[in-house]
Amino acid sequence: MAETLNAAQQPPLGQAGERAARLWTRSMIALMVVLLGVIVFTSAHWGLHPPSRIETIDSTSLHQGGEFSEANLGTLIAPDGSAVVRVVAQQYAFVPSCVLVPAGVPVTMRLASADAVHGFLIQGTNVNAMVVPGYVTTVRTTFQEIGERLMPCHEFCGVGHQAMWAHVRIVDAKQFPFEDAKAKGVSCG
Amino acid sequence: MDTQTEDQRLAQIVAQGPKGAISVAVTAMAIVIAIWFAFFFFAFLPRGPIG
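Keep in mind that what you see is a predicted model, and the values were worked out from it rather than measured. (Residues numbered from 1 in each chain as written. Chains lettered and ligands numbered in written order. Predicted model: local features only at pLDDT ≥ 70, side-chain atom pairs only at ≥ 80, totals over all residues.)

Caption draft 1: Structural context of the overall build of chain B. Tallying secondary structure elements over chain B gives 2 helices and 0 strands in all. Taken against the 2.2 N^0.38 rule, which gives 10 Å for 51 residues, the C-alpha radius of gyration of chain B at 22 Å runs more than 25% over that of a compact globule. Based on the C-alpha atoms only, the size of chain B along its principal axes is roughly 65 × 15 × 15 Å. Sorting the 51 residues of chain B into buried and exposed places 2% on the buried side. (Helix = DSSP H or I, 4+ residues; strand = E, 2+ residues; numbered from the N terminus. Rg over C-alpha atoms; globule rule 2.2 N^0.38 Å. Buried ≥ 20, exposed ≤ 12 C-beta atoms within 10 Å, placed from the backbone.)

Caption draft 2: Layout of the nonpolar core. All names here are of chain A. Counting residues in hydrophobic clusters, the biggest one holds 37 residues, and the most contacted among them are V85, V87, A89, V99 and V101. Elements with a contribution of two residues or more to this core: β1 (74–77), β2 (83–90), β4 (98–102), β5 (106–113), β7 (128–131), β8 (136–142) and β10 (165–171). If one sorts the elements of this core by residue count, β2 sits on top with 6 residues. If near-sequence neighbours (up to four positions away) are discounted, V99 is found in contact with T75, V85, V87, M151, A166, H167, V168, R169 and S187. (Core = buried A, V, L, I, M, F, W, Y, C linked by C-beta atoms within 7 Å. Contact = placed C-beta atoms within 7 Å.)

Caption draft 3: Examining the environment of D58 of chain A more closely. Here D58 of chain A is to be found in the loop between α1 (14–46) and β1. A sequence separation of 77 residues divides D58 of chain A from Y135 of chain A, and the C-alpha atoms of the two residues are 7.9 Å apart.

Caption draft 4: Up close: the sheet that holds β4 of chain A. All names here are of chain A. Ordered in space as β4-β10-β9, the 3 strands form an open sheet in which the pairing is mixed. The open sheet is flanked by β4 and β9 (147–152), the only strands paired with a single partner. Across the sheet, the mean angle separating the axes of adjacent strands is 25° when strand polarity is ignored. When β4 meets β10, the two strands line up parallel, connected through 5 bridges. Directly across from V99, in β10, lies its bridge partner V168. (Pairing = 2+ DSSP bridges. Axes fitted to C-alpha atoms, helices over the stretch in contact; angles between N-to-C directions.)

Caption draft 5: Summary view of the domain arrangement of chain A. What the domain assignment lists for chain A is domain 1 (12–46) and domain 2 (59–183). For domain 1 of chain A and domain 2 of chain A, the distance between their C-alpha centroids amounts to 42 Å. (Domains from an automatic or database assignment.)

Caption draft 6: Broad picture of the interface of chain A and chain B. Each partner contributes residues to the interface: chain A has 23 residues there, and chain B has 18 residues. Mapped onto the side of chain A that touches chain B, the elements with two or more residues apiece are α1 and β8 of chain A. For the side of chain A that touches chain B, the element with the highest residue contribution is α1 of chain A, accounting for 8 residues. Its residues assigned to classes, the side of chain A that touches chain B shows 12 nonpolar, 10 polar and 1 charged. (Nonpolar A, V, L, I, M, F, W, Y, C, P; charged D, E, K, R; others polar.)

Here it is, written out as structure tokens:
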């Protein structure tokens, strides 16, 4: 059995080895450039960026008025025709528990927590963010497919966490009550 | 096997280049990159943009 060579005794790579090492290094650099290029192109093409920002709110007084008062919860149609969905996350429910949105219309989701750290994702979409007390979570997307999707809380928020989920009902734009939603928030539950 | 013969064999093997290592590395890398692109095209893109 051959003895193990120490570092000083290791044979040199040789010309073929050095060529292979150079080729591999170049290949890996090219691969990183391709992957980063795909990410940068997608981000620029979609206007993709981390789905939250630093926007503070007093979580202890959400129910007393302001943006997250009861009449504002649900889906409102903004003057530019886009939809703004406001949801309060609290132990252990989302309010409203059924979000109604029109398909093909840009949607801005704004969530605030009334108590603990929550999170939400919408099944089958890239919508996925945390809802931290004291901050407003904002995510923009456009739902293309009509149907109903689950929106569970994905941050452990207490003993009732597993029961905290809502639905997002995506309806044809013709069936969405645009006129009602210009005056107050609409929802399906 | 004497030391000289062993060294010669080693030199011959090294001169041929690390074909086996390259094959393993290329295969492993190809699998990882294929999975990355599969997620990108078949999961991430169909789920729509967010911002």
